[in-house]
Amino acid sequence: MREKILTKNPKERIAWRSHEPSRLETFSDAVFAFALTLIIVSVEVPKTFTDLLDMMKGVVSFGICFAFLFSIWNMQNKFFRRYGLTDSYTVFINGLLLFIALVYVYPLKFLTSLLNSNDYYIDHGIKVEKITPHQVAPLMVIYSLGLSLIYVLFFLMYRNAKAHAIALHLTPVELFETNSFMYANLLAASVGVAAATLALLLPVGTAGNSGLVFFLLGPVYSIWFSYRGKKSRQMFGH
């Protein structure tokens, strides 16, 4: 591990131990950039207004995909800023994270494209369904479990940081916060599992409603961190 230089940020309960990106982070940034190229709306300037309108139809889908990838990048960036770990286990888990993020782009792009377009496309004058009612459940399962796996990987990364608590000189408060983030990711993963399970249980044609389960992420995070914040004040007085 590199030498850690602590920097206290009033908004951060865990001091930042890394400031300059490592080769691992630089590689990760390149992978995320490549993932964005896979979901980009268009690589050409539209030649007609009709082409422009067609391109703009994909902006919503692109925006959702971009927001998702950005959130993963931000979570990963904060982890490395907080702990600066580059051990073999972190490299392995981070590699799995990048792989899943790349593969996950395809079902995410397909799913979000269905939200603001027809469920069919025209091929040589023939209407072709993009997805049948029986295929909705498998799509939601793929999407939900992919998201769960990403959160599980973050859980493992934070658990590894906890295992290096002595080497990182984590204070009791920082160790407490590490546990908070660790189990927050596990709770988020359970929401994805719940969505996948619901998709399999719902009748054909309604499996898409399982996606509403993801709206629980906000309340789950809010309740969890509210509870942990209260417990932290009781234990540490702040």
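As a convention, each chain's residues are numbered from 1 in the sequence order in which they are written. With the structure being a predicted model, the display of local features is reserved for residues of pLDDT at least 70 and the display and counting of side-chain atom pairs for 80 or more, all residues being used for whole-chain, interface and lining totals. Each side-chain value is derived from all of the structure's non-hydrogen atoms; neither hydrogens nor water enter the calculation.

## A look at the overall build of the chain
Note the following rule: Secondary structure elements are defined from DSSP: runs of H or I of at least 4 residues count as helices, runs of E of at least 2 residues count as strands, and each element is numbered from the N terminus. Between buried and exposed lies partly exposed: a residue is buried under 20% and exposed over 50% of the maximum accessible area for its type, with that area taken using a 1.4 Å probe on protein chains only. Contacts are residue-level and defined by heavy atoms, with any inter-residue pair within 4.5 Å sufficient. Values of accessible area rely on a 1.4 Å probe in the Shrake-Rupley scheme; residue burial ignores everything except the protein chains shown.
When helices and strands are counted, the chain shows eight helices and two strands. Its helices and strands in sequence order give the chain the pattern α-α-α-α-β-β-α-α-α-α, from N to C terminus. Relative to its full complement of 238 residues, the chain shows a buried share of 39%. When contacts within the chain are restricted to residue pairs at least 6 apart in sequence, long-range pairs at least 24 apart make up 73% of them. For the chain, the exposed surface amounts to about 13600 Å²; the carbon and sulfur share of it is 69%.

## Quick notes on the pattern of salt bridges
The condition is simple: Each salt bridge in this description consists of a side-chain nitrogen of Lys or Arg and a carboxyl oxygen of Asp or Glu lying within 4 Å of one another.
What the rule picks out here adds up to three salt bridges. Taking the shortest distance from any N to any O, the salt bridge between Arg17 and Glu174 comes out at 2.7 Å. Here Arg17, found in the segment before α1 (23–39), pairs with Glu174, found in helix α7 (residues 172–201); they are 157 residues apart in sequence, far enough to count as distant. Looking at Glu174, the relative accessible area reads 2%, which means it is buried.

## A short note on the nonpolar core
We apply this condition: In these notes, a set of buried Ala, Val, Leu, Ile, Met, Phe, Trp, Tyr and Cys residues joined through side-chain atoms within 4.5 Å is what counts as a nonpolar core.
In terms of nonpolar packing, the biggest core is built from 52 residues, with Phe68, Phe79, Tyr83 and Ile150 touching the most fellow members. Taken together, the elements giving at least two residues each to this core come down to α1, α3 (59–83), α4 (88–115), α5 (133–163), α6 (165–168) and α7. The element contributing the most residues to this core is α5, with 14 residues. Apart from residues lying up to four places away in sequence, Phe79 is in contact with Gly84, Leu85, Thr90, Met157, Tyr158 and Ala161.

## Description of the packing of α3 against α4
When two helices pack together, you describe them by how their axes are tilted relative to each other and by the distance separating the axes. Defined as follows: The axes are straight lines fitted to the C-alpha atoms, using for helices just the contacting stretch, and the angles between their N-to-C directions are given from 0 to 180°. If an angle is under 35 degrees, it is roughly parallel; if it is over 145, roughly antiparallel; if it lies from 65 to 115, roughly perpendicular; otherwise it is oblique. Crossing chirality is assigned from the near helix's rotation relative to the far helix, an anticlockwise turn below a right angle marking it left-handed and a clockwise turn marking it right-handed.
Relative to each other, α3 and α4 sit at 165°, their axes nearing to 8 Å. As the angle between them shows, α3 and α4 are arranged roughly antiparallel. The chirality of how α3 crosses α4 is right-handed. Residue-level inspection shows Ser61, Ile64, Cys65, Phe68, Leu69, Ile72, Gln76, Phe79 and Phe80 of α3 in contact with α4, the latter providing Thr90, Asn94, Leu97, Leu98, Tyr104, Val105, Leu108, Lys109, Thr112, Ser113 and Leu115.

## Comments concerning the confidence of the model for the chain
Cut-off, in case you're wondering: pLDDT: the predictor's confidence for each residue, scored from 0 to 100.
Per-residue confidence for the chain averages 86 on the pLDDT scale, and 87% of its residues sit at or above 70. Of all the helices and strands in the chain, strand β1 (residues 120–123) carries the lowest mean pLDDT, 59, while α7 carries the highest, 96.

## Thoughts on unusual backbone geometry
Phi at His169 takes a positive value of approximately 60°, unusual for a residue other than glycine. His169 gets classed as exposed once you look at its relative accessible area, which sits at 62%.

## Some points on a nonpolar patch on the surface
Our working rule: Residues forming no salt bridge and having over 30% relative accessible area are the ones grouped into patches, like charges within 9 Å of each other and nonpolar side chains (Val, Leu, Ile, Met, Phe, Trp, Tyr) within 5 Å.
Among the surface-exposed residues, Phe49, Leu52, Leu53, Met56 and Val59 lie close enough to one another that they form a single nonpolar patch of about 440 Å² accessible area. With respect to the secondary-structure elements, Val59 resides in helix α3.

## Points about the environment of Pro172
With respect to the helices and strands, Pro172 occurs in helix α7. Taking the C-alpha atoms as reference points, Pro172 and Met235, separated by 63 residues in sequence, lie 9.8 Å from one another.

## A few points about empty space enclosed by the protein
Test applied: Think of a 1 Å grid over the protein atoms and nothing else: a 1.4 Å probe that fits but is trapped marks a cavity, an open set flanked by protein within 12 Å on at least five of seven lines marks a pocket, and residues with an atom within 4 Å of a point count as lining. Grid points are joined across faces, edges and corners, and a volume is the space filled by probe spheres set on the points.
For the structure shown, the criterion picks out one cavity of 30 Å³ or more. The computed volume of the largest cavity comes to approximately 40 Å³. Lining the largest cavity, in full, are Phe68, Ser71, Ile72, Met75, Leu147, Ile150 and Tyr151. Every element with two or more residues in the lining of the largest cavity is listed here: α3 and α5. Sorting elements by how many residues they give to the lining of the largest cavity places α3 first, with four residues.

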